[in-house]
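Listed below, chain by chain, are the residues.
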Amino acid sequence: MTDSSAKKISLTGIKPTGSLHLGNYLGAIKPGVEMINSGDYDCFYFIADYHSLITVHDPKVLKEYSYEVAASWLALGLDPSKATLYRQSDIPEILELSWILNCFTVKGLMNRAHAYKAAVQENNEHERDPDHGVNMGLYSYPILMAADILFLKSNMVPVGADQLQHIEIARDIAQVFNHHYGEVFTLPEGVVHKEQAIVPGLDGRKMSKSYGNTIPLFLTEKKLKKTINKIVTDSTPPEEPKDPNDSLIFDIYKLFANADEIKELDAWYRKGIGWGEAKAELFKVVNRQLEAPREIYNELMSDKKKIDLILEEGAQKVRPRAQDFLNQVKQTVGIN
Ligand code: TRP
């Protein structure tokens, strides 16, 4: 028997800002579930609803997106008896810690954060005020994220490559604090799963909500087929041999098919395959993997009380730890 308290803590959050897609699955959820099932980590996965509030200002939509993220994790294999799933907003201690961290974060660090810089750059390109449309939530986004990570003494934070800067910022803030008060915070490490970078979207760019090129995870079969049919192809006639290594359809196919299937489709490409046929093959392997989860997902989404219960249990496990640690931090700074 291994001592569970000796396990490394793995923590990650997903922002509920829209339906999850194949990129989220391969880059975050699948490796996250594998980490749970390896038994090597104590895993904490949460719904970053306060982060979504930065951009989602429709209460019904925010609520629905939050359920979608929770149901997606559960449908795709997160077993709540093996890992903890919770809502960020159920742990108000995170916000208290966030304020404390604010007081140890130099403003310049936030000026350099990618998301803020991108907003400023876009404003400059449109010759608007540089801070047009930037609320303080967006500006201090990395501090809330640091609180998410630090309150649980997380060791590893599996994320997409675009989030690594945020982990570095969390480390920076923790180090400033530790330098002054002693070793209070555990320094987290970002972990990037290789697949994340290579899930292409319908147009060949990285699959991303902001590009509008995604294949959402839980469509009906009919809509999934329709979406796959939107993958951009050229006008090479069906009978002409095609290079599988220069094909978006094949790139995505490889992420879902087994070795034999990949070999067969490779040969079909070289013989000459119609794009319609290639897309039908892709649909088959993607749908095969999503069929069973889709059913669980739809069931959960039609019975949200079940989701609520799981999230409540998660919060009950996390909150005492948050309270203990926050007390320690408050004592450290002289507030209690
Ligand atoms: N910023 C992350 C994203 O957009 C979501 C997130 C919020 C997160 N808090 C976190 C991820 C803490 C890891 C750890 O993907």
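The next subject is the domain arrangement of the chain. Per the domain assignment, the segments of the chain are domain 1 (4-200 + 303-333) and domain 2 (218-294). Each of domain 1 and domain 2 has a C-alpha centre, and these two points are 34 Å apart. Listed as interface residues are 11 residues of domain 1 and, on the opposing side, 10 residues of domain 2. Carbon and sulfur atoms supply 78% of the area buried between domain 1 and domain 2, which totals about 890 Å² over both sides. Remark: the boundary between domain 1 and domain 2 carries zero salt bridges. In this assembly, domain 1 and domain 2 are joined by one residue pair in polar contact (both at pLDDT 80 or more). Taken together, the elements giving at least two residues each to the side of domain 1 that touches domain 2 come down to helix 1 (22-38) and helix 3 (59-75). Element by element, the count of residues in the side of domain 1 that touches domain 2 is highest for helix 1, at four residues. Counted by class, the side of domain 1 that touches domain 2 contains eight nonpolar, one polar and two charged residues.

Here we come to unusual backbone geometry. In this model, E127 sits at a positive phi of 55°, which is unusual for a non-glycine residue. For E127, a relative accessible area of 75% translates into the label exposed. Of note in the backbone geometry, K153 takes a positive phi value of approximately 55° without being a glycine. Summarising the element assignment, K153 is placed in the loop between helix 8 (141-150) and strand 4 (156-159).

Aromatic rings considered in pairs are described by the distance between their centres and by the relative angle of their planes. All told, the structure shown has 12 aromatic pairs when counted by the stated rule. These aromatic residues form a ring-pair network of at least three members: F104, F177, Y181, F185 and F325. The ring of Y211 carries R205 above its face, with NZ or CZ at 4.1 Å from the centroid. Over the aromatic face of W275 sits the side chain of K242, whose NZ or CZ is 5.4 Å from the ring centroid.

Bringing the pairing of strand 4 into the picture now. Burial along strand 4 is two-sided: M156 and P158 facing one way and V157 and V159 facing the other are all buried. Across four bridges, the pairing between strand 4 and strand 5 (residues 189-192) is parallel. Bridging across to strand 5, V159 finds its partner in V192. Between the parallel pair strand 4 and strand 5, the chain is carried across by helix 9 (residues 164-181), and the sense of this crossover is right-handed.

Nonpolar side chains tend toward joint burial in soluble globular proteins. Counting residues in hydrophobic clusters, the biggest one holds 58 residues, and the most contacted among them are W73, F256 and L282. Elements represented by at least two residues in this core include exactly helix 1, strand 2 (41-47), helix 3, helix 10 (221-228), helix 11 (248-256), helix 12 (259-271), helix 13 (275-301) and helix 14 (304-333). No fewer than three residues from each of domain 1 (4-200 + 303-333) and domain 2 (218-294) sit in this core. Discounting residues that sit within four places of it in the chain, F256 has contacts with L22, Y25, L26, V285, V286, R288 and Q289. Counting 47 residues, the second-largest nonpolar core is a separate cluster that includes A147, I149, A170 and A174.

Right, let's get into the site of the ligand. Near the ligand, the surroundings consist of 14 residues, among which H51, Y141, M145, D148 and Q163 are the closest. The side chain of D148 places a nitrogen or oxygen atom 2.7 Å from a nitrogen atom of the ligand. For the ligand, the protein covers 89% of the area, taking 360 Å² as the surface of the free molecule. Listed by contribution, the elements that provide at least two residues to the shell around the ligand are strand 1 (8-14), helix 8 and strand 4. Across the shell around the ligand, the residue classes break down as eight nonpolar, four polar and two charged.

Each value, and the rule that gives it
- Once a new chain begins, its residue numbering starts again from 1 and follows that chain's sequence as written.
- Residue-level local features of this predicted model are given only where pLDDT is at least 70; pairs of side-chain atoms are given and counted only at 80 or more, and the full residue set underlies all totals for whole chains, interfaces and linings.
- Side-chain descriptors were evaluated using all non-hydrogen atoms of the structure, hydrogens and water having been removed beforehand.
- Domain extents, as shown, originate in an automatic or database domain assignment.
- We call two residues in contact whenever any of their non-hydrogen atoms come within 4.5 Å of each other.
- For any pair of parts, buried area is found by adding up, for both, the accessible area (1.4 Å probe) each one loses once the two are put together.
- We define a salt bridge as a contact between a side-chain nitrogen of Lys or Arg and a carboxyl oxygen of Asp or Glu at a distance within 4 Å.
- Each polar contact in these results corresponds to two N or O atoms within 3.5 Å; when the atoms are within protein, one needs to be able to donate a hydrogen and the other to accept it, and residues that are neighboring in sequence are counted only if both atoms are side-chain atoms.
- For helices the rule is a DSSP run of H or I covering at least 4 residues; for strands it is a run of E covering at least 2, with both sets numbered from the N terminus onward.
- Asp, Glu, Lys and Arg are counted as charged, while Ala, Val, Leu, Ile, Met, Phe, Trp, Tyr, Cys and Pro are counted as nonpolar; the rest, among them Gly, fall into the polar class.
- Between buried and exposed lies partly exposed: a residue is buried under 20% and exposed over 50% of the maximum accessible area for its type, with that area taken using a 1.4 Å probe on protein chains only.
- Only rings of Phe, Tyr and Trp enter the pairing, Trp through its six-membered ring, and a pair is recorded when the two centres are within 6.5 Å. The plane angle decides the type: under 30 degrees is stacked, over 60 is edge-to-face, the rest tilted.
- Charges are assigned to positions over rings by a cutoff of 6 Å between ring centre and Lys NZ or Arg CZ, combined with an angular limit of 35 degrees from the ring normal.
- Two strands pair under a simple rule: DSSP has to find at least two bridges between them.
- Looking down the strands as they point away from you, a crossover is right-handed if its path from the first strand over the helix to the second goes clockwise.
- Among the buried residues, those of types Ala, Val, Leu, Ile, Met, Phe, Trp, Tyr and Cys that are joined through side-chain atoms within 4.5 Å form a nonpolar core.
- Neighbouring residues are identified by heavy atoms, a residue being near a molecule or strand if any of them is within 4 Å of it.
- Exposure was quantified through the Shrake-Rupley algorithm and a 1.4 Å probe, taking into account, for residues, occlusion by the shown protein chains and nothing else.

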